[in-house]
Amino acid sequence: MNTTPRRTLLPAGLRTPGRWAVLPAAVLAGAVLGGGYGALKAPQYAATSYVIVVPAEKSDPAAALGFAQAYGRVATDIAVTGDAQVWAGVSADTLRRNVQAATSPDAPMISITAKAEKPAKAVSMADGVARALVLNSTHVAGSTGVKVVQFSRATKPVAPVSPSAPLSALVGGCAGGLLGGLTLLVRPKRAAARGEARHSRQAAAASGAAPSAAVPAPAAAHQPEAV
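Residues numbered from 1 in each chain as written. Predicted model: local features only at pLDDT ≥ 70, side-chain atom pairs only at ≥ 80, totals over all residues. Heavy atoms only, no water.

Asks: Is there a simple way to think about the overall build of the protein chain in this case?
Replies: The number of helices and strands found in the protein chain is nine helices and four strands. In the protein chain, the order of α-helices and β-strands from amino to carboxyl end is α-β-α-α-α-α-β-β-α-α-β-α-α. Counting over 227 residues, the protein chain shows a buried share of 28%. In the protein chain, once contacts between residues fewer than 6 apart in sequence are set aside, the share between residues at least 24 apart is 78%. If you sum the accessible surface of the protein chain, you get close to 15,000 Å²; carbon and sulfur atoms cover 63% of it. (Helix = DSSP H or I, 4+ residues; strand = E, 2+ residues; numbered from the N terminus. Buried < 20%, exposed > 50% of the residue type's maximum accessible area, 1.4 Å probe, protein only. Contact = heavy atoms within 4.5 Å. Areas by Shrake-Rupley, 256 points an atom, 1.4 Å probe, with all protein chains shown as cover.)

Asks: How should I be thinking about the packing of aromatic side chains in this particular structure?
Replies: The description of an aromatic ring pair uses the distance of the two centres, along with the angle that the planes make with each other. Applying the stated rule across the entire model yields zero aromatic pairs. Sitting over the ring of W87, R131 keeps its end group 4.1 Å from the ring centre. (Phe/Tyr/Trp six-rings, centres within 6.5 Å; stacked < 30°, edge-to-face > 60°. Lys NZ or Arg CZ within 6 Å of the ring centre and 35° of its normal.)

Asks: Whenever I open this one, the confidence of the model for the protein chain confuses me. Can you help?
Replies: Detailed reading of the predicted model is not advised wherever pLDDT is low. Summarising the model, the protein chain shows a mean pLDDT of 74, and 56% of its residues fall at 70 or more. A low-confidence stretch, residues 210-215 stays under pLDDT 50, and its non-local contacts, those more than four residues away or across chains, total zero contacts. (pLDDT = per-residue confidence, 0-100.)

Asks: Teacher, can you tell me more about the environment of K121 here?
Replies: Structurally, the position occupied by K121 is in helix α6 (residues 119-139). Residues K121 and A47 lie 74 residues apart in sequence; the distance between their C-alpha atoms is 9.0 Å. What K121 contacts, discounting residues up to four positions off in sequence, is A88, G89, V90 and A116.

Asks: Is there a simple way to explain the nonpolar core in this structure?
Replies: For soluble globular proteins, nonpolar side chains are generally found buried alongside one another. Of all hydrophobic cores here, the largest spans 29 residues; its most connected members are V53, L95, I112, M125 and L133. The set of elements that each furnish at least two residues to this core consists of β1 (45-55), α2 (63-73), α3 (75-81), α4 (84-88), β3 (109-116), α6 and β4 (146-152). No other element matches α6, which puts eight residues into this core. Among residues more than four places away in sequence, those in contact with V53 are A64, F67, A68, Y71, P108, I110, V146, K147 and V148. (Core = buried A, V, L, I, M, F, W, Y, C linked by side-chain atoms within 4.5 Å.)

Asks: How should α2 be read in this particular structure?
Replies: In an α-helix, one full turn covers 3.6 residues, which means residues spaced three or four apart are oriented alike. Buried residues of α2: A64, A68, Y71 and G72, and no others. Buried residues in α2, looked at end-on, bunch into an arc of 100 degrees, giving them a common side. Elements in contact with the buried residues of α2: β1, α3, β2 (99-103), β3, α6 and β4. (Arc of directions from axis to C-beta.)

Asks: Sorry if this is basic, but what is going on with the pattern of salt bridges here?
Replies: Any two side chains of opposite charge can pair, on the condition that their charged atoms come close. What the rule picks out here adds up to two salt bridges. Where R96 meets D93, a salt bridge forms, and the shortest distance between an N and an O atom there is 3.7 Å. Of the two residues, R96 and D93 are both situated in helix α5 (residues 92-98); the distance of three residues between them amounts to about one turn of the helix. Between D127 and R153 there is a salt bridge whose closest N-O contact spans 3.4 Å. On the criterion of sequence distance, the pair formed by D127 in helix α6 and R153 in the loop between β4 and α8 (165-185) is long-range, its members being 26 residues apart. Classification of R153 by relative accessible area gives exposed; the value is 56%. (Salt bridge = Lys/Arg side-chain N within 4 Å of Asp/Glu carboxyl O.)

Shown next as structure tokens:
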């Protein structure tokens, strides 16, 4: 009767029950780290101000769209070189890191979004950059043929835009589970080869098979030569 154990389809490293404890431990660690980060990090509030580029008298209306794209790319630079730092009450580095400008492909409008730990600060930063754009466009309107005007002032945000602690814990748990699963599946080839060789030796010992040794052939008898 054949007593050779049936081979399983799982890799050798995954047949050890203790290795599966890595997955729940990774999920738990990720959830704890994500939740702690969401609870300790200060909430961020976002405020958005809108400006629009309009052509001057006897100017090509189509030029306003092109200048809107240009002003959107250099909005933070104009704010830093202008008076936006004074109006917003923050440094130039803070404006560069926390203010973003976005443009529309089919309308000469620029949205200026500022993020800060306090709602009032986010509003003053967004309106300060918008005011700097308006002032700069007035100075160069004679050469550009367009000017920037205020379309909508920023409103005070009522809720933070940063993720809450439960959401951060959920994201951290998912990331930890993904890393734990990759740890279980991705193993060095050398370790897998050693595991397979050990499993083969254990299976051979269980079946009672002994390695066969080569038996040397008997030596031919020496016969005397005839005289």
